[in-house]
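Report on the structure
In case you want the letters, here they are:
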Amino acid sequence: MWWILTIGLIVLFLANAYYRSPQSAIGLVVPIAFLFPAWLLLPLQSGPDGSIYGAGVDVKLLVGAACLILYCFMPGRTFPLRIVPCDIAVILLMLFHVLSDWLNDGLNWLVLGRAYAEWYLPYTAGRLAIQSRRNIEHLWITMAFLSLMLSGGAILEALTNINLFETLFGLRPVEGFSREASRWNLQRAYGPCMHPIYLGVVQLLLLSWTGLATWRSLQRKAAWPWVFSLVPCFLGIVATGSRGPIVGSILCCVTFVFYLVPRARWPMAGCILALALVGLANREAIVEQLEKWAGEARLQTIEVDDETLVQTGTRNRINIFGVYKIALKRSGLNGFGTQAVSGFPINVPLGPREVETIRQTKFVDNEYILITLRFGYLGLAAFTAVGLLALGQLWWLANLAPRQLPQQLACCLGAALFSSLLTLLTVWMPYEIGFVLFWTCGLSSGLLGSQLQGHQANRNRPKQVHRRASREQG
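Everything numeric in this text was worked out from a predicted model, so none of it was measured.

**Details of the packing of aromatic side chains**
Under the defined criterion, the tally for this structure stands at 23 aromatic pairs. A ring pair is formed by Trp-119 and Phe-383, whose centres lie 6.3 Å apart and whose planes are at 70°; its orientation type is edge-to-face. Taken together, the positions of Trp-119 in helix H5 (residues 110–129) and Phe-383 in helix H16 (residues 367–398) put the pair 264 residues apart, joining distant regions of the chain. Per residue, the accessibility class of Trp-119 equals that of Phe-383, and both read buried. Residues Tyr-198 and Trp-428 carry aromatic rings whose centres are separated by 6.0 Å and whose planes lie at 90° to one another, so their mutual orientation is edge-to-face. With Tyr-198 in helix H8 (residues 196–218) and Trp-428 in the loop between helix H17 (405–423) and helix H18 (431–473), the pair connects residues that are 230 residues apart, well separated along the chain. Taken together, Phe-34, Trp-209, Tyr-431, Phe-435 and Trp-439 form an aromatic cluster joined through their ring pairs. When the ring centre of Tyr-190 is taken as origin, the NZ or CZ atom of Arg-172, which lies over that ring, is 4.0 Å away.

**Section: the packing of helix H6 (residues 133–160) against helix H9 (residues 230–238)**
Look at H6 against H9: their axes get within 8 Å of each other, and the N-to-C directions meet at 45°. When the axis of H6 is compared with that of H9, the two are oblique. When the axes of H6 and H9 are compared, the crossing they make is left-handed. Contacts from Ser-147, Leu-148, Ser-151, Ala-154 and Ile-155 in H6 reach Pro-232, Cys-233, Leu-235 and Gly-236 in H9. Per-class residue counts for the contact of H6 with H9 are 6 nonpolar, 3 polar and no charged.

**Details of the packing of H8 against H17**
At a minimum axis distance of 9 Å, the contact between H8 and H17 shows a crossing angle of 155°. Looking at the two axes, H8 sits roughly antiparallel to H17. In this structure, H8 crosses over H17, and the sense of that crossing is right-handed. Residue-level contacts link Val-201, Leu-204, Leu-205, Ser-208, Trp-209, Gly-211, Leu-212, Trp-215 and Arg-216 of H8 to Leu-405, Gln-408, Leu-409, Cys-411, Cys-412, Leu-413, Ala-416, Leu-417, Ser-419, Ser-420 and Thr-423 of H17. For the contact of H8 with H17, a count of residues per class yields 13 nonpolar, 6 polar and 1 charged.

Criteria and thresholds
- Residues numbered from 1 in each chain as written.
- Predicted model: local features only at pLDDT ≥ 70, side-chain atom pairs only at ≥ 80, totals over all residues.
- Heavy atoms only, no water.
- Phe/Tyr/Trp six-rings, centres within 6.5 Å; stacked < 30°, edge-to-face > 60°.
- Helix = DSSP H or I, 4+ residues; strand = E, 2+ residues; numbered from the N terminus.
- Buried < 20%, exposed > 50% of the residue type's maximum accessible area, 1.4 Å probe, protein only.
- Lys NZ or Arg CZ within 6 Å of the ring centre and 35° of its normal.
- Axes fitted to C-alpha atoms, helices over the stretch in contact; angles between N-to-C directions.
- Parallel < 35°, antiparallel > 145°, perpendicular 65-115°, else oblique.
- Left-handed = near helix turned anticlockwise from the far one by under 90°.
- Contact = heavy atoms within 4.5 Å.
- Nonpolar A, V, L, I, M, F, W, Y, C, P; charged D, E, K, R; others polar.

Structure (structure tokens):
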């Protein structure tokens, strides 16, 4: 099955590259691979805890690699040579990955392949997918349909307990999460992902495309049914039963208005600051409400800094800073490497009390803490820079006037990316999320590069016209 799907997608890429363009083909085929399950992979080795997760090549990884190689030989291929800020940050993150793993685990040339596959491959696939307005026109409908398909599958699973991806591709290996988990009297949907919250974050990242479809429909530049497309996508996120992505989807809508309406930015910023201050003043009450919302029982306690703390799924996101405080200090510039954090609980140097606490908390539900433990302060700086620079690029594009299709897409991508980066404060980033996230960052760089190239062409056009007129006069 793995080989059949991979070959089928590669053939689809070749056909689209021939009949349309290599840019449109890579923008079509790589996102389709998002739909195939994370457990459908070619295993290389088992993880340190016996798990298969992250220890093989899945469909989107091999398809992405094959498309990038084939792209280099296709007629009509173009390579964006203009360097933008996010390009540099991704390269630095890849280099810090290699440096950390070599210093901690010894020289191993496979680390180069893993660093490329984890960060630069999805980023480059997104970077090449958008090099002109025509690429966006081909891409947005595809992405909106894919988003609706994921959401529809999640809604069906929540209501009927039927996972279409398991029906088609086999049962998901249960690793640390019950197959029958429910919340709010609904089965928690996990779709093609290994956990419901992963599916929620992926849908959150793809929310930008249905947001664009809704916007264009309201402007009568797309068919009228697209105006309702955000509704099933929001319900699909609710179907995961994951509070972080649900709150993130609301934040995404608010951020979208912030991008879209310049006059509303200062009033919105004031309201957000006021709400943040109120939230800090009433933090305990808010945490208790979140616990009640999820139906969490206060049965477990942990020891942090000689203090006994109640541990729930909600409080784990708060307690985690104290739990890993010593490890974060010891991570230094280069961290403990990938091998130390490949299984849960992670293997980092701590005192005996902290080891027992980590065994109880187990998962590192914060990607920024995990990336610091893995690659150190340098890795955290590079990872954060990728997100902030991608947002900065989209912000610059969104403020260009008049707002044409590229600026509209920048608004939508910026809103979804911002809310997703905040959601990573509540979950670590597996490859299902990481691939889509860095693909989205690549889109931001592709958009910026194509816009700068268009500006350069517009500046050069008057000079060319003047030279032509001078030759004719001469």
